[in-house]
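Now for the letters of each chain:
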Amino acid sequence: MTRLWIVRAGRHGERELEAITQGRLLPGFNELGDLSGLKDREAIGRALAESDPQGGKNAQRNFAAQLNQFVNTIAVGDLVVMPRKLTSGVAIGRVTGAYLHQPGGVCPHTRAVEWLNEAVPREAFAQDLRHSFGAFLTICEVKRNEALARVEAVLKTGKDPGPLLGKQGLATVKAPVQDAETGDAEAEDVELDVEDIARQQIIALVKSAFAGHDLAYLVAEILRIEGYVTKVSPPGADGGVDILAAGGRLGLGEDRICVQVKSGDAPANQEVVLKLMGSVQAAKARTGLLVSIAGVNGPAQKLIDSEFFSVRLWQMPELLTALFTSYGQLSDETRAKIPLKQIWSPVAGVDA
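Keep in mind the model is a prediction, meaning the values are calculated, not measured.

A. Just the overall build of the protein, in detail. Looking only at helices and strands, one finds eleven helices and twelve strands in the protein. With 352 residues in all, the protein has 47% of them scored as buried. Put simply, 65% of the contacts in the protein that link residues at least 6 apart link residues at least 24 apart. Carbon and sulfur atoms make up 53% of the accessible area of the protein, which totals about 17,800 Å².

B. Inspection of the environment of A64 at higher detail. Topologically, A64 is positioned in helix α3 (residues 57-73). With a relative accessible area of 2%, A64 lands in the buried category. Along the backbone, A64 and A49 are 15 residues apart, and their C-alpha atoms lie at a distance of 9.8 Å. Those residues in contact with A64 that sit more than four places away from it in its chain are R41, I44, G45 and L48.

C. Up close: the packing of helix α2 (residues 41-51) against α3. Taken N-terminus to C-terminus, the directions of α2 and α3 make an angle of 125°; their axes are 8 Å apart at the nearest point. Regarding the angle of α2 to α3, the classification is oblique. Taken as a pair, α2 and α3 cross one another with a handedness that is right-handed. Where α2 abuts α3, its residues R41, I44, G45, L48 and A49 lie against Q60, F63, A64, A65, L67, N68 and N72. Of the residues assigned to the contact of α2 with α3, the class counts are seven nonpolar, four polar and one charged.

D. Expanded view of the pairing of strand β10 (residues 256-262). Where burial is concerned, most of β10 is hidden: five out of the seven residues are buried. The pairing of strand β9 (residues 243-246) with β10 spans four bridges and is classified as antiparallel. Counted as the bridge partner of I243 is V259 from β10. The sheet contact formed by β10 and strand β11 (residues 287-292) spans six bridges and is parallel. Across the sheet, residue V259 finds its bridge partner in β11, namely L289.

E. Inspection of the pairing of β11 at higher detail. Counting buried positions over the six residues of β11 gives five, a clear majority of the element. With helix α8 (residues 270-282) bridging β10 and the parallel β11, this β-α-β connection has right-handed handedness. Where β11 and strand β12 (residues 311-314) come together, four bridges link them in parallel fashion. Looking across to β12, one finds that L289 is bridged to R312. Read from β11 through helix α9 (residues 298-306) to β12, the crossover connection turns out right-handed.

F. Seen up close, the packing of α8 against α9. α9 packs onto α8 with a crossing angle of 30° between their chain directions and a minimal axis gap of 7 Å. Along the contact surface, α8 presents Q270, V273, L274 and M277, while α9 presents P299, A300, L303 and I304. Across the contact of α8 with α9, the residue classes tally to seven nonpolar, one polar and no charged.

G. Layout of the sheet that holds β11. Taken together, five strands build an open sheet; the order of strands is β8-β9-β10-β11-β12 and the sheet is mixed. Because the sheet does not close on itself, it has two edges, and the strands there are β8 (229-232) and β12. In this sheet, neighbouring strand axes are inclined to one another by 20° on average, regardless of whether the strands run parallel or antiparallel.

H. Region of interest: the packing of aromatic side chains. Taken as a whole, this structure holds four aromatic pairs when the rule is applied. Centroid distance F29 to F63: 5.6 Å. Interplanar angle 70°. Geometry classified as edge-to-face. Within this pair, whereas F29 is found in the loop between β2 (24-25) and α2, its partner F63 is found in helix α3, the two being separated by 34 residues in sequence. Residue class for F29 comes out buried when judged on its relative accessible area of 13%. When its relative accessible area of 35% is taken as the criterion, F63 is described as partly exposed. Ring centres of F70 and Y99 lie 6.3 Å apart, and the angle between their planes is 85°; this geometry places the pair in the edge-to-face category. Of the two residues, F70 sits in helix α3 while Y99 sits in the loop between β4 (89-95) and β5 (100-101), which places them 29 residues apart along the sequence. Of the two residues examined, F70 and Y99, each falls in the buried class. Geometry around F308 places R312 over its ring, the cationic atom sitting 4.1 Å from the centre.

I. Spatial organisation of helix α5 (residues 147-157). For α5, the complete set of buried residues consists of A147, R150, V151, A153 and V154. Across the axial projection of α5, the buried residues extend over an arc of 155°, all falling on one side. In this structure, the buried side of α5 is in contact with β1 (4-7), β3 (79-83), β4, β6 (109-121) and α4 (127-133). One or two residues past the end of α5 sits G158, with phi positive at roughly 80°.

What counts and what doesn't
Residues numbered from 1 in each chain as written. Predicted model: local features only at pLDDT ≥ 70, side-chain atom pairs only at ≥ 80, totals over all residues. Heavy atoms only, no water. Helix = DSSP H or I, 4+ residues; strand = E, 2+ residues; numbered from the N terminus. Buried < 20%, exposed > 50% of the residue type's maximum accessible area, 1.4 Å probe, protein only. Contact = heavy atoms within 4.5 Å. Areas by Shrake-Rupley, 256 points an atom, 1.4 Å probe, with all protein chains shown as cover. Axes fitted to C-alpha atoms, helices over the stretch in contact; angles between N-to-C directions. Parallel < 35°, antiparallel > 145°, perpendicular 65-115°, else oblique. Left-handed = near helix turned anticlockwise from the far one by under 90°. Nonpolar A, V, L, I, M, F, W, Y, C, P; charged D, E, K, R; others polar. Pairing = 2+ DSSP bridges. Right-handed = clockwise from strand over helix to strand, strands pointing away. Phe/Tyr/Trp six-rings, centres within 6.5 Å; stacked < 30°, edge-to-face > 60°. Lys NZ or Arg CZ within 6 Å of the ring centre and 35° of its normal. Arc of directions from axis to C-beta.

Written as structure tokens, this is what we have:
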């Protein structure tokens, strides 16, 4: 029977692009050696204890359960969701290979996957699934409320039909809090990453309030707060530049930036970066800034990395950081479109 799993690619999404470009699941746990000969949770737990004798027992049990799922439970043909940190979407794929240990890469523990859609907008899913995608665990199963059938429906139609899938009158059967045999928790039962869920909600609000070319006006306002004089191109063909920004008195300083803004759900490609670089030269600017909510694909990232002194990239984390930093100085009209409130909260596990 096909099952649905979440497998993340780094707490901050640091392995997302490699996972996409290589067709691999890359969950981390790099300090551990080859797990292919370990056939159950107890054996993996012993390997964890040997690797870190001073580690906490509860954490090691938790990690052992997750790794056992990755090594021994996930089957070829299962669907997997990779919630993305650098963009506002999720990647959905089908597992095509067994566990492999491949030292020398960004993550030695890996499984092959065929990505069916690399950038599904989170707004395509109902709230309960979005919350499941926000579970703190790196590896976990999602199975309540017909989750598998709903993800399959999103792949086919782009829309989540909801938990009943048209079966009005049928009750939803919920699984127990923990699997009685394995002790593995489901995504719905574990602590949620509230900060990530909030950031995803904020970016969804930004995408709604500043759809299309309107996002360029928000970026321009942020840059003005940071001290730049800006000029926003009108909607339509922009030739690779949405905003011109310049520092210095009256905007006549040497700090000149060409900005290209991408608000869609598809990652920016290499052509977008090349066009931006051409705009930098044509405008006699010093730097190009690409703002892309959906991030960039592998070739585009490689090109950006090679042009360190001339091109910068704002993905979702950078855009939100800039928004939070400037929020108090944004216009009343802009803040009305993105109403936010900062809340300070104690960190779990810290004594009062």
